[in-house]
Amino acid sequence: MKNRMHGLPPELCVIGGGASGLAAAIEAARAFRQAGVPGQVTVLERLPRVGKKLLATGNGRCNLTNRFASPPDYFEAADFVRPALNRFSVDDTLSFFASMGLLCEEEEEGRIYPMSRQAASVLDVLRFEAERLGVVFHCDSRVESVQKTRDKPRFVINGSICADAVILACGGKASPQHGSDGSGYALLRALQIPVAEVFPSLVQITADPKRVKSLKGMRVHAVISLYEGKKQLASQRGEIQFTEFGLSGIAAMQLSRFVSREKQRQMEASLDLLPAFSSGEVADYLAARVRQNPALAAEHLLTGILPKRVGQVLLKQAGVEPLSRPIGSLRGAEIAAISDLLKDWRFSVTGTRGFSAAQVTMGGAQRSAFDPESMEALSTLGFYAAGEVLDVDAGCGGFNLQWAWSSGRLAGESAAEKQISDYRLQTSDQG
Ligand SMILES: Cc1cc2nc3c(=O)[nH]c(=O)nc-3n(C[C@H](O)[C@H](O)[C@H](O)COP(=O)(O)OP(=O)(O)OC[C@H]3O[C@@H](n4cnc5c(N)ncnc54)[C@H](O)[C@@H]3O)c2cc1C
């Protein structure tokens, strides 16, 4: 691909061999093949192998899309993602994978997994298809510069690799151990393409360690809400997992984008451990337990509704000591304190575990700098972006990978179509 001359078949270069880059490469190579144009698609990947992050997705099972994925799942980017999701919908994603032999199954809340329940199957079928189509992989190839030239070829990568079109698919900054170290942002800035501030999302929320340490490893089903003083900022229902540092589990991670972005605010996380019951019903439940068995040791008061250790920590925080006391000795104020904590257990939020522990990046290549119908940069024709490097993120459930497939395929298709028509023009001129 070095030192190309004007008039040769198109060269399309994809930077990053992750989910969106592989989808883009396959779509472009298919388009060249279908058009009978001898275009070359090359993937430049900084790691020794492509798709390392894909292998880690969905706890190794790869939740590759969600039956219900639609623009509002992408927060502020809803309008921007619409054309890509319309062009390459969830059904298209399933057909795309079925065309490569990968069959999928739906689980709860519309989450879709490969039938094998192995992320490796997803990566394998993408690699096999790319190889079948003649896509060239250059691994251990970190891209450090992309320069725009005045004429064809339009771009020079790392000073020597020429390309007529470039698709930037190098991910964001989350989980750099899987390859995406944020290096794409420098490439964008060098081309004068603006980058919105980035924050870690889908990440553990950190809280006062003294409060959570004794709960480490415990899981509860609850409603978690973020508060600044009395103002509720956001809320989620689902599993919460206590860790050494704070609160994890899907519901807590879904709220982490607010914590990351609003880090200057003093926030508290409130857990409602009994969301199906009103405060009055909780108080009635506790009173009935006391009436029914007043000799019961206090440490067992919450045994029927919470994991044992969670109940004991909560009782201690309500001031019930020693826990061997009979529940018949609890005063009204103590019962009220227990009832209050069950409905509104507060943890002061200190931040998040950061990019190294995050699953996605909020922020990135500014959406307004790209045409959502093609993923092409408005100021740098021939330069496209796809996936998480763009300022698009969503919650857990397969939505982020759906964006990687839709945007990657749209960028691949658009870039190839433009190269195909340029090539046809050139060859007909020459004829
Ligand atoms: C642990 C974990 C679990 C997840 N689980 C799910 C899930 O189940 N479902 C879901 O929808 N989403 C999940 N996600 C999010 C999802 O994986 C990402 O949103 C998606 O992979 C983004 O795709 P991408 O192609 O934009 O970037 P990436 O997949 O990050 O790929 C970018 C690639 O570019 C390479 N690269 C970076 N910089 C350069 C450079 N300068 N030169 C060359 N190559 C470069 C990287 O090495 C990498 O291979 C998970 C994320 C993590 C971390």
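Note that the structure is a prediction, hence the values are computed from the model and not measured. (Residues numbered from 1 in each chain as written. Predicted model: local features only at pLDDT ≥ 70, side-chain atom pairs only at ≥ 80, totals over all residues. Heavy atoms only, no water.)

The next thing to look at is the overall build of the protein. Within the protein, the regular secondary structure consists of 12 helices and 21 strands. Here the protein holds 431 residues, and 55% of them are scored as buried. Of all intrachain contacts in the protein linking residues separated by at least 6 positions in sequence, the fraction that spans at least 24 positions is 76%. Looking at the protein as shown, the accessible area adds up to about 18400 Å², and 50% of this sits on carbon and sulfur atoms. Distance between charge centroids for the protein: 5 Å, based on 49 positive and 46 negative side chains. (Helix = DSSP H or I, 4+ residues; strand = E, 2+ residues; numbered from the N terminus. Buried < 20%, exposed > 50% of the residue type's maximum accessible area, 1.4 Å probe, protein only. Contact = heavy atoms within 4.5 Å. Areas by Shrake-Rupley, 256 points an atom, 1.4 Å probe, with all protein chains shown as cover. Lys, Arg positive; Asp, Glu negative; His and termini not counted. Charge placed at Lys NZ, Arg CZ, Asp CG, Glu CD.)

Attention shifts here to helix H8 (residues 250-261). Most of H8 is tucked away, with nine of its 12 residues classed as buried. Looking at H8, one finds that the buried residues are Ala251, Ala252, Met253, Gln254, Leu255, Ser256, Arg257, Val259 and Ser260.

So, on to unusual backbone geometry. The residue after Glu321, namely Pro322, is reached through a cis peptide bond having omega -15°. Of note, Pro322 is situated in the loop between helix H10 (308-317) and helix H11 (332-343). Even without glycine at this site, Phe75 takes up a positive phi of about 50°. Its location among the elements puts Phe75 in the loop between strand S3 (65-66) and helix H3 (78-87). For Phe75, a relative accessible area of 33% puts it in the partly exposed group. Of note, the phi angle at Ser175 is positive, near 55°, even though the residue is not glycine. Along the chain, the position of Ser175 falls in the loop between strand S10 (165-168) and helix H6 (183-190).

Per-chain confidence: the protein averages 95 in pLDDT, with 98% of residues scoring 70 or above. Scored below 50 in pLDDT, residues 1-6 makes 14 contacts in the model with residues more than four places away or belonging to other chains. (pLDDT = per-residue confidence, 0-100.)

The interhelical angle for the contact between helix H9 (residues 279-292) and H11, taken along N-to-C directions, is 135°, at an axis separation of 9 Å. On the basis of their axis angle, the class for H9 and H11 is oblique. As H9 runs across H11, the sense of the crossing is right-handed. Two secondary-structure elements touch here, H9 through Ser279, Val282, Ala283, Leu286 and Val290 and H11 through Ile335, Ile338, Ser339, Leu342 and Lys343. Partitioned by chemical class, the residues of the contact of H9 with H11 number seven nonpolar, two polar and one charged. (Axes fitted to C-alpha atoms, helices over the stretch in contact; angles between N-to-C directions. Parallel < 35°, antiparallel > 145°, perpendicular 65-115°, else oblique. Left-handed = near helix turned anticlockwise from the far one by under 90°. Nonpolar A, V, L, I, M, F, W, Y, C, P; charged D, E, K, R; others polar.)

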